[in-house]
Amino acid sequence: MCILEKIHHIAKRILRVRAVPVLLGLAALFLLLNALFPLRIKPRYSTLITAADGTVLHAFLNDEDRWRMKIELAEITPTLRRTILWKEDRWFYYHPGVNPLALLRAAYRNTVTGRRTSGASTITMQVVRLLEPRERTYGSKIIEIFRALQLEWRLSKDEIFQMYVNLIPYGSNVEGIKSASLLYFGKPPQLLSLAEVATLTIVPNRPSSLRLGVRNGLVVQERNRWLNRLQTAALFPEEDIRDALAEPLTARRREAPKLVPHLARRLKKAYPDEPIIQTAILPGRQAQTEQLVRNYVGRLRAQNIHNAAVLVVDNRTMQVVAYVGSADFGNAYDGGQVDGVRAVRSPGSTLKPLLYALAFDKGLATPKTVLNDVPTNFSGYEPENYDRQFYGPITVESALANSLNVPAVKVLQQLGTGALLDVLKKADFQTVRKQAKDLGLSVILGGCGVTLEEQTRLFAAFANGGRLRALRLSNQTMDSARVALVSPEAAFLITGILTQITRPDLPNNFDNSYHLPRIAWKTGTSYGRRDAWSIGYNRRYTVGVWVGNFSGEGVPELSGANTATPLLFAIFNALDYNSPSGWFKAPAGSRLMMRKVCPETGDIPGEACDHPVADYAIEGVSAFHRCQHRKAVWTNPAGTVSYCAHCLPTEGAERRFYRNLAPELIAFYETRRIPYDRIPPHNPACTRVFVRNGPQIISPNEGADYFVNPKNPAQLLLSCQADNEVKQVYWYLNDKLYRKAGPTEAVFFRPEPGPLKISCADDKGRNTDIRVTIREE
């Protein structure tokens, strides 16, 4: 080694040793300054609501009234990245935030020319300037250099580049590549052509003079100048450059996307700090559903029905794939901005499937269990059916399919209102939770408040085997745990009943106007005809439909069957007419079993049951009662007198079977003059004393207070239910005989203020008492 090489080697070692403390000192100084003057990186972005495929459904201005839409790294195409880096900062991925050579070159030029000709700003330094705008001075440049080093310390190069393309200005209140792409070209950044990329690359340098949509001619000249530079630099194939040079500029200012407005506002309020909120909305299905709702409500306006709301849920994921809060968001006159998906309304009869499912799980009923649909007084509550008719004995499946009210109230009375309310609270029915202490038997007929969202989620639980899961409105909503509302067996039985098409809640003349989709569905009409509901499901989707007026105005023509169901059918036919998902099957390993039952009662056949039918039952749960719908009675040969064991003659008597009817059913037959097989009157010569219960007083109500006008007192009704062998009853008021009457005869009296004891005795010597209080108004 020559002497010069030795000297050079020694010098390098000395410099290296001396540089270490200098570098350490600079590093310590940087860390100190970084701690004292931290860099705050919190750009305020516009909130974007995106669809399942990432397309922007709805965009909101940020809190500075600027369009600053955040672009994700995946949306930055190689063409966009390469063009911007070549134009703005070719050494971006190699310098620490500051390019020393560029700084020296800029200082030399500015000194030689005596004016500022170059700022030597890197992309990192430009991000700093966009985050913290300052006056363009040498002092500001020093601060920018320090802030650039801080930014490089905290973020990766890709993150800094992403922030740059999110903040660059495009004039007016538009900032960022994504905002410009959507607002001027009507497309996301990943679909931009090379010519459009070049356009958006040059505008930020002169946003005032290169105004897109206003001075497109000047923009094209400047764009082509830069495209020629790109061609000279061989950055892209020549053929691509030629196509870009020939491409016309179609930029114009467009409206920001404003789709799914109700859901968008809801999500923005729920997640105010999220720049991008992705939903599971399917744009095609959303647009199709909105169009169906808009057209359908347009036809209903002639009937004074002005609005509707629809929710479509994917049963597998519980994601909301279509959300229509009203027929027209822009219609302020009809309350278009009200979100019908979350509006609290009366459910009508739509809670009945849950009631009967709970009854199946409690062993209170099976689909073939027979209930009496007859006028019934439930301690002052006297429900009627929708058509004001009563149908006598009817099975549970028919009662649900026909949406009869009295059987539902009877089942609820057996089950207990508290049990139903507990399940509704478990299903997160918010208004029911608040109203619970004030709710009674009327809850099953619509006497509570629910939302379309709650209803649709409930029916989706039937589609999922009785397991409830929360709806997923966005990617911020995590998949929830499954909550068992009813058993898979009960859910399967309810689905079978709701799939029947021989029922009154089909739309009028549906077979001439609609293709009937294969779905399970239930309708409901609230009191006063203010709300029409139709909620249905198949394996793939659950669709909830509400139709009515947000003002609460009732309409005589409004009904779940004829107003809401046609829209439900139209939506299913549009979204999933030939569903590939198949149909529901009995749950694997279930306790469902088939058994023979008597069609008269739904109980296990007894000796008088001649024609049993098949019925589902839940093994170990469903009750096992022997049928007693007919009872044996000893009569004389003519069948005009019946005998009890006490007076049965030794010969000449015959054993015959008669229907063992409940007193309420006998009263129903008698008042409507429906013939039935009466048991002959008991042997009048018999001295047997009956110890069974006396007639049941159904009016007035035990313990009730009645208010009367002393100047014009109204009459009160005396009514009872008695066994079918009773021919005469006797009414007593405060232990004084008032009058005798037939057991089904309506008796009236004028009450006087004060406590009143009412007694009813039958011709068998049995007696029942109640007490009421009469008060003056």
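Draft legend 1. Summary view of the overall build of the protein. A tally of regular secondary structure across the protein gives 22 helices and 27 strands. Based on the C-alpha atoms only, the size of the protein along its principal axes is roughly 150 × 65 × 55 Å. Within the span of the protein, comprising 777 residues, buried residues form 52% of the whole. Sequence-distant contacts in the protein: of pairs separated by 6 or more residues, those separated by 24 or more amount to 67%. Surface accessibility of the protein: about 37,800 Å² in total, with carbon and sulfur atoms responsible for 52%. Measuring between centres, the 98 positive side-chain charges of the protein sit 9 Å from its 73 negative side-chain charges.

Draft legend 2. A look at the side chain of Thr523. Here Thr523 is to be found in strand 12 (residues 520-525). Judged by relative accessible area, which is 8%, Thr523 ranks as buried. Ignoring anything within four residues of it in the chain, the contact list for Thr523 reads Ser349, Thr350, Asp505, Trp533, Ser534, Gly560, Ala561 and Thr565.

Draft legend 3. Quick peek at the sheet that holds strand 19 (residues 654-659). Strand order across the open sheet formed by three strands is 18-17-19, with antiparallel pairing between neighbours. Of all the strands in the sheet, the pair left with one neighbour each is strand 18 (642-643) and strand 19. Strand direction decides the pairing type here: strand 17 (residues 630-635) and strand 19, joined by six bridges, are antiparallel. Paired with Lys631 across the two strands is Tyr658, which belongs to strand 19.

Draft legend 4. How the structure looks around the pattern of salt bridges. Counted under the stated rule, the structure contains 33 salt bridges. Between Arg66 and Glu175 there is a salt bridge; the shortest N-O distance is 2.9 Å. In this pair, Arg66 sits in the loop between strand 2 (56-59) and strand 3 (67-68) while Glu175 sits in strand 4 (residues 174-175), placing the two residues 109 residues apart along the sequence. Across the salt bridge formed by Asp762 and Arg766, the nearest N and O atoms sit 2.8 Å from each other. Given a relative accessible area of 3%, Arg766 falls into the buried group. By sharing partners, the salt bridges in this structure join Arg44, Asp63, Glu64, Arg66, Arg68 and Glu175 into a single network.

Draft legend 5. Molecular detail of the sheet that holds strand 20 (residues 696-699). On the basis of which strands lie adjacent, the open sheet formed by three strands has the order 20-22-25 and antiparallel pairing. Each end of this open sheet is capped by a strand with a single partner; those strands are strand 20 and strand 25 (747-749). Each strand of the sheet is rotated relative to its neighbour by a mean of 35°, with strand direction disregarded. Inspection of the sheet shows strand 22 (residues 716-721) paired to strand 25 by three bridges, in the antiparallel sense. Pairing of Leu716 across the sheet is with Phe749, part of strand 25.

Conventions used here
Residues numbered from 1 in each chain as written. Predicted model: local features only at pLDDT ≥ 70, side-chain atom pairs only at ≥ 80, totals over all residues. Heavy atoms only, no water. Helix = DSSP H or I, 4+ residues; strand = E, 2+ residues; numbered from the N terminus. Buried < 20%, exposed > 50% of the residue type's maximum accessible area, 1.4 Å probe, protein only. Contact = heavy atoms within 4.5 Å. Areas by Shrake-Rupley, 256 points an atom, 1.4 Å probe, with all protein chains shown as cover. Lys, Arg positive; Asp, Glu negative; His and termini not counted. Charge placed at Lys NZ, Arg CZ, Asp CG, Glu CD. Pairing = 2+ DSSP bridges. Salt bridge = Lys/Arg side-chain N within 4 Å of Asp/Glu carboxyl O. Axes fitted to C-alpha atoms, helices over the stretch in contact; angles between N-to-C directions.

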